[in-house]
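Chain by chain, the residues:
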Amino acid sequence: MKLARPDVFHPRIVLAGCAALPEGDGDDAELVVALRRRGLHARWLSWDDPATLEADLVILRATWDYIDRLDEFLDWTTKVPNLANAPEVVAWNVDKRYLADLAAAGVPVVPSWFFAPGEPVVLPSGELVVKPAVGAGSVGAQRFSDSDDACAHVAALHSDGRTALVQPYDERVEDGETALVFVGGRSSHAFTKGPILPPPGSRPAFDDSGTYAEESLTPADPDFELWDLGHAALVAAASHLGIEVAELLYARVDLIGGPTDPKLLELELVEPSLGWRQLDAATRSRRQRDFVVGVEDTLERRGLGPLSQRRP
């Protein structure tokens, strides 16, 4: 660890979890050490801890209870002095209606229909996935082969004041979703997520905290066509938000299908798991160093570099 110098500004960095997982789910366990190796002080806090407002930079990592406290969470993002990713990115990405924006930009997205409370519901035929438009960790997501059951779940979401997202169930998901991880807009690594949703009539199994569905993850080495789609999704998102792709400290693009017809399931810019544990030790060390360099770039971009506030 580098020793602190009294004449150099040392930004205070917080990795934000939630009350149920104040230090995340364990996947990011090495990030604090990786940051400190580069002379950056970092610690974990639940996002609703008042001390987060005193940090120079807050990095969202496991804020998975925001779905039940959305207004409070979004208000908090605007009060934190510096947030990664930025508040306007978070506000856009927490609602899966962003998929319509990406589709309009030409990104091949899994067909998606949105039904807000009070709107008439007309469901497509076939097996469906119904989930809340604002959700994390597959909470509230289910598969349905019966349209009446699907409508009942939409109605239950509406009764809670939630907009429902309906998508056709694509059997290719049985082969797993490909999760592409980007750091600072550049490709980093990838992993495969096994099927999360059980057959119709069953609910996913959740971890002890109840904040996310348990996943089966394995390493992946995707074809370049999938990486190309991931980059296209990031470019479309950045263009829509009026920012540079490099301003996205982290991103995860979840795809289904192979190189001939991949489709985007989700673009995760708020609090995605980054799959560090799917990398071997040497690769994980290199990729986490890239993440830390991305943090340094974020600090420099926001005037928080080590010499930005040098004392006389």
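Coordinates for the structure precede this section.
Residues numbered from 1 in each chain as written. Predicted model: local features only at pLDDT ≥ 70, side-chain atom pairs only at ≥ 80, totals over all residues. Heavy atoms only, no water.

Q: An account of helix α5 (residues 147-159) is requested, with residue identities and associated values reported.
A: The terminal C-alpha atoms of α5, which comprises 13 residues, lie 18 Å apart, in line with the 18 Å expected from a rise of 1.5 Å per residue. Contact partners of the buried residues in α5: β5 (113-115), β6 (128-132), β7 (142-144) and β8 (164-168). The backbone nitrogen of Asp148 lies 2.9 Å from a side-chain oxygen of the residue at the head of α5, namely Asp146. Just downstream of α5, Gly161 is the residue with a positive phi angle, here 80°. (Helix = DSSP H or I, 4+ residues; strand = E, 2+ residues; numbered from the N terminus. Expected span 1.5 Å × (residues − 1). Contact = heavy atoms within 4.5 Å. Polar contact = N/O pair within 3.5 Å; in protein donor to acceptor, adjacent residues only side chain to side chain.)

Q: I'd like to hear about the packing of aromatic side chains, residue by residue, with values.
A: Pairs of aromatic rings are described using the distance from one ring centre to the other and the angle between the two planes. Scanning the entire structure with this criterion turns up seven aromatic pairs. Measuring from ring centre to ring centre gives 5.2 Å for Trp47 and Phe73, while their planes differ by 90°; the resulting arrangement is edge-to-face. Of this pair, Trp47 sits in the loop between β2 (41-46) and β3 (57-60) while Phe73 sits in helix α2 (residues 70-79), placing them 26 residues apart in sequence. Relative accessible area serves as the criterion here: at 1%, Trp47 is assigned to the buried category. Ring centres 5.0 Å apart and planes at 25° place the aromatic pair Tyr66 and Phe73 in the stacked group. Considered together, Tyr66 and Phe73 belong to a single accessibility category, that of buried residues. (Phe/Tyr/Trp six-rings, centres within 6.5 Å; stacked < 30°, edge-to-face > 60°. Buried < 20%, exposed > 50% of the residue type's maximum accessible area, 1.4 Å probe, protein only.)

Q: Describe in detail the nonpolar core, supporting the description with residues and values.
A: By size, the foremost hydrophobic cluster in this structure holds 50 residues, and its most contacted members are Ile59, Leu60, Trp76, Phe291 and Val295. Of all the elements in the fold, those that place two or more residues in this core are β1 (12-17), α1 (31-37), β2, β3, α2, β4 (83-84), β9 (177-183) and α7 (281-301). If sequence neighbours within four positions are ignored, Ile59 has contacts with Ile13, Val14, Leu15, Ala16, Ala84, Leu249, Tyr250, Phe291 and Val295. Among the nonpolar cores identified, the runner-up in size contains 29 residues, and Val89, Ile243, Leu264 and Leu269 belong to it. (Core = buried A, V, L, I, M, F, W, Y, C linked by side-chain atoms within 4.5 Å.)

Q: Run through the sheet that holds β4, naming residues and quoting values.
A: An order of β2-β1-β3-β4 is seen for the four strands of this open sheet, with the pairing classed as parallel. Strand pairing shows two members of the sheet lacking a second neighbour, β2 and β4, which therefore form its edges. Looking at chain direction, β1 and β3 are connected through four bridges and run parallel. Bridged to Leu15 within β3 is Ile59. Packing against the sheet, α2 makes contact with β1, β3 and β4, and its axis sits at approximately 145° to β3. Lying over the sheet, α7 contacts β1 and β3, oriented at roughly 135° with respect to β3. (Pairing = 2+ DSSP bridges. Axes fitted to C-alpha atoms, helices over the stretch in contact; angles between N-to-C directions.)

Q: Explain α2 residue by residue, including any values.
A: Side chains that are three or four residues apart share a direction in an α-helix, a result of its 3.6 residues per turn. If you check which residues of α2 are buried, you get Phe73, Trp76 and Thr77. Along α2, the residues classed as buried sweep out an arc of 105° about the axis, all on the same side. In this structure, α2 carries Asp71, Thr78 and Lys79 as exposed residues pointing more than 90 degrees from its buried face. In this structure, the buried residues of α2 make contact with β1, β3, β4 and α3 (87-93). (Arc of directions from axis to C-beta.)

Q: So what's going on with the pattern of salt bridges? Residues and values would help.
A: Evaluated as defined, the whole model comprises 22 salt bridges. Where Arg252 meets Asp254, a salt bridge forms, and the shortest distance between an N and an O atom there is 2.8 Å. The exposure class assigned to Arg252 is buried, which follows from its relative accessible area of 5%. Judged by relative accessible area, which is 2%, Asp254 ranks as buried. Where salt bridges share partners, they join Glu177, Lys193, Arg252, Asp254 and Glu268 into one cluster. (Salt bridge = Lys/Arg side-chain N within 4 Å of Asp/Glu carboxyl O.)

Q: Before we move on, can you summarise the sheet that holds strand β13 (residues 263-268) with the specific residues and values?
A: Strands sit in the order β11-β10-β9-β12-β13 across an open sheet of five strands; the sheet is antiparallel. Two strands lie at the open edges of the sheet, namely β11 (217-219) and β13, each paired on one side alone. Adjacent strand axes in the sheet meet at a mean angle of 30°, parallel and antiparallel pairs treated alike. Across three bridges, strand β10 (residues 186-193) lies against β11 in antiparallel orientation. When the sheet's bridge partners are listed, Lys193 is paired in β11 with Leu217. Most of the contacts of helix α6 (residues 224-241) go to β9, to which it runs at about 55°, and overall it touches β9, β10, β12 (250-256) and β13.

As far as function goes, none of this settles anything; it's purely spatial.
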